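Each chain, written out:
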Amino acid sequence: GAFRATGQLLHNLRAQGAVPRGRVAGAPRVAERGLHLDAARKHYGADWMAALLHAAADVGINAFQWHFSDDEGFRIASDAFPEIVSDDHLTREEARRIVETARDLHVAVVPALDMPGHLRHVLDAHPGLRLPRAEGLDAAVSGEGALDITDRDAVGFAHRLIDDLAPLFPHSDRWNLGGDEFVDFALIDRYPALVDSARERFGADATGFDLLTAFVNDTAAHLRGLGFGARAWNDGMLRGAVVRLDPAVELTWWTNWNALMRPLADAVAAGHALVNVNDELLYYVLGEKAGYRYPTAARIWAADWHPGLFPTLRSGERQELAAPYPDLLRGCCFAVWADDPDAQTRDELAGIV
């Protein structure tokens, strides 16, 4: 509180050259005000990231979700698996320095190691752990970034990846494990390995979504043993026929672009804590790929956005939690994604905060 109040005084000094006399009381409407950075597809140096954290803390950001692994790169040095690390990466000492900078600024770091999808770079070094290709689909559709979650050795490998990075985040109590875009969810029944394994483990009604949910639950339990609460992206969650998602898994809710994705109401009914990462307004996608436009303050204001306004359903129905917000709404997050890493320079990106 003292840190943020002092920051507000500094804002007054910068804007007006003085601090007005009087008494001001303020409290945030949600506990978490986050910034997500895709530092996997675009490499950022330690000094740049430290400067970003200073700028973010200055405007009230108190959570930093650090996405350091994706299909295109793995950007923190690994002691256990050096073969998976990209040429351009941060040393472990640099990562520790970033984490300590965040701690000094009262910014909680949320590591984001996406799995069981978005692992192509890692699996290129361990191709035997890749999910077998779907029937009748080429590599572009079938996906080369999916871990074979039917294989206990592959699941164990994923958990050892977490074990290797976890010591770098001694102050963190949340970890985003991913769970999104594992395969093309519309074609999940075309993966015989998933279907067969799901039915063997959970019965005749089980689908690939049940196997994915079980993986998320198992990984959440593994994280809990290391002192982290688990988070997952919403698009593949709450879709199992048999296996229930662990209610302790928090959902980073980014989209409902597909009509088969479960609505926010299902998550609320199941008691999942939520972080609002509304992709319609809070996604800054480099190169404006996948139909995204760079968000602007004018667009966000025009949409009458607030922390409880989530992505619109495909039907056009608004998804909204009214204030005063329920306790399960932990907060909201602005997300920078590097779909086209060369679309903007690091200096240009530094100005968005």
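Quick note: structure is the one above.
Keep in mind the model is a prediction, meaning the values are calculated, not measured.

Visitor: Outline unusual backbone geometry, supporting the account with residue identities and numerical values.
Guide: In this model, methionine 115 is joined to proline 116 through a cis peptide bond whose omega is 5°. With respect to the helices, strands and loops of the structure, proline 116 is situated in the loop between β4 (108-115) and α4 (120-125). Alanine 323 connects to proline 324 through a cis peptide bond whose omega is 0°. Locating proline 324 in the fold gives a position in the loop between β11 (319-320) and β12 (329-337). A positive phi is found at histidine 118, a non-glycine position, where the angle reads about 60°. Mapped onto the elements, histidine 118 comes out in the loop between β4 and α4. According to the relative accessible area criterion, histidine 118 is buried, its value standing at 13%. Within the chain, glutamate 288 stands out as a residue other than glycine whose phi angle is a positive 50°. Among the structural elements, glutamate 288 can be located in the loop between β9 (283-285) and α11 (297-302).

Visitor: So what about the packing of aromatic side chains? Which residues, and what values?
Guide: Any two aromatic rings considered together are summarised by their centre-to-centre distance and by the angle between their planes. Considering all chains together, one arrives at 16 aromatic pairs under this definition. With centroids separated by 5.8 Å and ring planes inclined at 50°, the aromatic side chains of tyrosine 283 and tryptophan 337 adopt a geometry described as tilted. With a gap of 54 residues between them, tyrosine 283 in strand β9 and tryptophan 337 in strand β12 connect regions that are remote in the sequence. This pair shows no difference in class: tyrosine 283 is buried, exactly as tryptophan 337 is. Judged by centre distance (6.5 Å) and plane angle (45°), the ring pair of tyrosine 284 and phenylalanine 334 falls under tilted. Of the two residues, tyrosine 284 is situated in strand β9 and phenylalanine 334 in strand β12; the sequence distance between them amounts to 50 residues. When its relative accessible area of 22% is taken as the criterion, phenylalanine 334 is described as partly exposed.

Calculation notes
Residues numbered from 1 in each chain as written. Predicted model: local features only at pLDDT ≥ 70, side-chain atom pairs only at ≥ 80, totals over all residues. Heavy atoms only, no water. Helix = DSSP H or I, 4+ residues; strand = E, 2+ residues; numbered from the N terminus. Buried < 20%, exposed > 50% of the residue type's maximum accessible area, 1.4 Å probe, protein only. Phe/Tyr/Trp six-rings, centres within 6.5 Å; stacked < 30°, edge-to-face > 60°.

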